[in-house]
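What the coordinates show
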Amino acid sequence: MADAATFGTDRESRSKARFSRTIAATVALLGSVLPASHAEASDQPAPVAAALQPLAEWTFELDNALPRRADPAPKRETPPLPLISTELARPTLSGMRATERRMLDAEQHGEAFTVELWLLDHVNQRIGALIDSGQPRPDWALGYISGEALFGPVRADGMPLLKAETGEGYKRRWHHVVGVRDGARWTLYVDGVVKGQAELPANAVSDASLQLSGFFEAERFMRLDDLVRAAAIYGRALSAAEVKDAFDRRTRLVEEGWLTDKGLHFTQPPYLNTPTTTSIELSWETNRPVATTVEWGETADALQSRQIPRDGKRIGGLRLDGLKVDTPYFYRVTGVDTQGNEVRSGLLSFRTAPPPGVPFTMAISADTEARTHINRRMSALIWEERPNVLLLAGDLTDGGSLERRFEWTHEYFAGMGPLFGRVPVIAAPGNGESELHWFRHYHRQPGDEAFFNIRYGDAEIFVIDSNLEDREKREPGFRARQRAWLDQALASSTAKWKIAMHHHALRSTDEDDYGDSWTGVSHGGDPVVTAELEPIYEKHSVNLVIVGHLHTYERSWPIRGGKIDMANGITYVQVGGMGGNLEDFQPTKPGFNRKTFRDHHYLMLRGAGDRLEAEAIDADGHLRDAFTITK
């Protein structure tokens, strides 16, 4: 049985802003030109004006598909952009060497043209991108280097003539960099505003195909499509007003949560939440309202189906219930808009939760924010372990508030969506989820609060909202409600393993979040959260506490009453390693700390009988820590 009403009404009532988003058809590695669709005019931003039609345009979708047969996507109609070897001739940009170079299938002719880059930069390391005329020694180039825009004829030192700071950018992360040549005049625009101009004698320009290079030595696993989200070439010099129109077009798409204005697609691909022994929650979102068919069953050739009519909303969801315990299921989601365009998930799968007494495997991490390339890497590593469920301890986004939906659509789901369609997620909110508008919109988890408990095999997971002071200001009485619930839920739990999960750390050796440990005293954790939660944890003998917030890994000794207690203590594990800017540790090691390492990472937790076994894995796939908790 499928219950489409569960969670849906409350979640939609919380989401009153009307937004949209597009994802292009998946393209291997960098991406491809995306075909136009017959979209409903009322359901998408205004189309590009005829006068602004480029000679060629590329929208680069993240291809974060899981490996081998786990990728259900149809065969791509358009091949990836040709890769140019960086070993034969590796371009440099301000001291950085190119790590990736691709040919764009377009030629630029004449002495009047416009070239455009649309970039999403959410990292703290120096990176760059450069589009040039395609010669071994390019005639001209348009580029971006972490906060700087470049354009013009290439000087002897390999740098374009014009340079300007990009400033904060649109919504603090996006940069629109445009170069216009009009005969002898070269003009650099940033976010629709002129930032530099030069007059040079007119010179001929080669007609070689354009080339796009990425410079990511400082950000391992990063690719061009993680930074460059769109590019275009126009066969004439755009006016200042037209460049501003192009910028406005790009920002409208981001505001709506779309990656492109071409094609029907999932803006939130199928997302599994709340796995139980007999049910699971499933949701999805498209850029336009669709009539949806959900099919599911124990084999791919014997699927039952449920039709969900178009209701004017982009998001949809339902509970699949009446399922068998600890059983694999297959499912498929298909949407059709009013023009008959289809969007299909392909055949996906999940497994219902095991009963008590059956072993389980959980993947655990936090702070997926910012780095889609780390999301991609960690998703692939986690998938190879085939966990039953994924626990995320907050900061799914860096700042995914009401005004920053793109951190969900362009980062969280774009980075890890393929994994979310196969491994159900149990998520706690972090400070990055702000007022919880989009967190509630995109999650189908128990209750109306951001705290709840869910049984999974021999474990019971207690999800807590540790944004205590902020939430209390927004919802007076919240802290008392959560404390009372937690005390009662732990008291009534019959699970062998009690696992608490929230975002903020009770104990941490972070260098400066709780006082600058290089010049003074650190509190060694969040004192407000510690005072609120630790007494309840110790009262009810919680076994394991999972936190994030700090972007490093660390584990405590078993602690009770502020002292090491190997028999009855609680183990605290900090797993903030799924994508945020890496942080660092205190210069001296406090007694509560057992293990630290500084890298992106995840934790695999396996339970069987009277043993919990855990392994911490870094971004290279190396084992960095292991521990066991026994009864």
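Residues numbered from 1 in each chain as written. Predicted model: local features only at pLDDT ≥ 70, side-chain atom pairs only at ≥ 80, totals over all residues. Heavy atoms only, no water.

What to know about the confidence of the model for the protein chain
Taken residue by residue, the protein chain gives an average pLDDT of 89. The fraction at 70 or more is 87%. In this model residues 2–42 is a low-confidence stretch, pLDDT under 50, and it forms 147 contacts with partners more than four residues away in sequence or in other chains. (pLDDT = per-residue confidence, 0-100. Contact = heavy atoms within 4.5 Å.)

Points about the pattern of salt bridges
A full pass over the atoms with the stated rule returns 47 salt bridges. For E475, the salt bridge is made with R440, and the minimal N-O distance between the two is 3.6 Å. With a gap of 35 residues between them, E475 in the loop between helix 7 (468–474) and helix 8 (478–492) and R440 in helix 6 (residues 437–442) connect regions that are remote in the sequence. What makes R440 buried here is its relative accessible area of 17%. For D487, the salt bridge is made with K539, and the minimal N-O distance between the two is 3.1 Å. In this pair, D487 sits in helix 8 while K539 sits in helix 9 (residues 527–539), placing the two residues 52 residues apart along the sequence. Three or more residues joined by partner-sharing salt bridges are found here, namely E57, E116, R249, R250, D261 and K262. (Salt bridge = Lys/Arg side-chain N within 4 Å of Asp/Glu carboxyl O. Helix = DSSP H or I, 4+ residues; strand = E, 2+ residues; numbered from the N terminus. Buried < 20%, exposed > 50% of the residue type's maximum accessible area, 1.4 Å probe, protein only.)

A word on the sheet that holds strand 12 (residues 185–190)
Spatial ordering of the open sheet is given by 2-15-6-11-12-13, a layout of six strands whose pairing is antiparallel. Each of the sheet's edge strands pairs with one partner strand only, and the pair in question is strand 2 (56–59) and strand 13 (193–199). Each neighbouring strand pair of the sheet contributes to a mean axis angle of 10°, computed without reference to strand direction. Here strand 12 pairs with strand 13 via six bridges, running antiparallel. The residue bridging T187 from the neighbouring strand is Q197, located in strand 13. (Pairing = 2+ DSSP bridges. Axes fitted to C-alpha atoms, helices over the stretch in contact; angles between N-to-C directions.)

A closer look at the environment of D510
Checked against the element boundaries, D510 lands in the loop between strand 29 (497–501) and helix 9. Residue classification places D510 among the buried positions, given a relative accessible area of 1%. Separated by 41 residues in the primary sequence, D510 and H551 have C-alpha atoms spaced 8.9 Å apart. Leaving out residues up to four positions away in the same chain, D510 has contacts with S522, L550, E554, E583, D584, F585 and Q586.

Thoughts on the sheet that holds strand 27 (residues 452–456)
Taken in spatial order, the seven strands make up an open sheet running 27-28-29-30-34-31-35, and their pairing is mixed. Strands at the two margins of the open sheet, each flanked by one partner only, are strand 27 and strand 35 (593–597). For this sheet, the mean inter-axis angle between neighbouring strands, taken without regard to orientation, is 15°. Sheet topology note: the strand 31 (residues 553–556)/strand 34 (residues 571–575) ladder contains three bridges and is antiparallel. The partner of Y553 across the bridge, within strand 34, is V575. Taken strand by strand, helix 8 contacts strand 27, strand 28 (459–463) and strand 29, and its axis lies near 175° from that of strand 28.

Focus on the environment of L238
Turning to its location among the elements, L238 is positioned in the loop between strand 15 (228–234) and helix 3 (240–256). Given a relative accessible area of 6%, L238 falls into the buried group. Here the alpha-carbon distance between L238 and L52, two residues 186 residues apart in the chain, equals 8.1 Å. Discounting chain neighbours no more than four positions away, the residues touching L238 are L52, T114, V180 and V243.

Let's talk about the packing of aromatic side chains
Inspection of every chain in the model, using the stated rule, returns 25 aromatic pairs. Between W408 and F413 the ring centres are 6.5 Å apart and the planes differ by 40°, which places this aromatic pair in the tilted class. Taken individually, W408 and F413 each receive the classification buried, so the pair is uniform in this respect. Geometrically, the ring pair formed by F413 and F420 is edge-to-face, given 6.3 Å between the ring centres and 90° between the ring planes. Neither residue differs from the other here; F413 and F420 are each classed as buried. The lysine or arginine in question, R594, covers the ring of W557, its NZ or CZ lying 5.2 Å from the ring centre. Lying over the aromatic face of W497, K631 brings its terminal NZ or CZ to 5.1 Å of the ring centre. (Phe/Tyr/Trp six-rings, centres within 6.5 Å; stacked < 30°, edge-to-face > 60°. Lys NZ or Arg CZ within 6 Å of the ring centre and 35° of its normal.)

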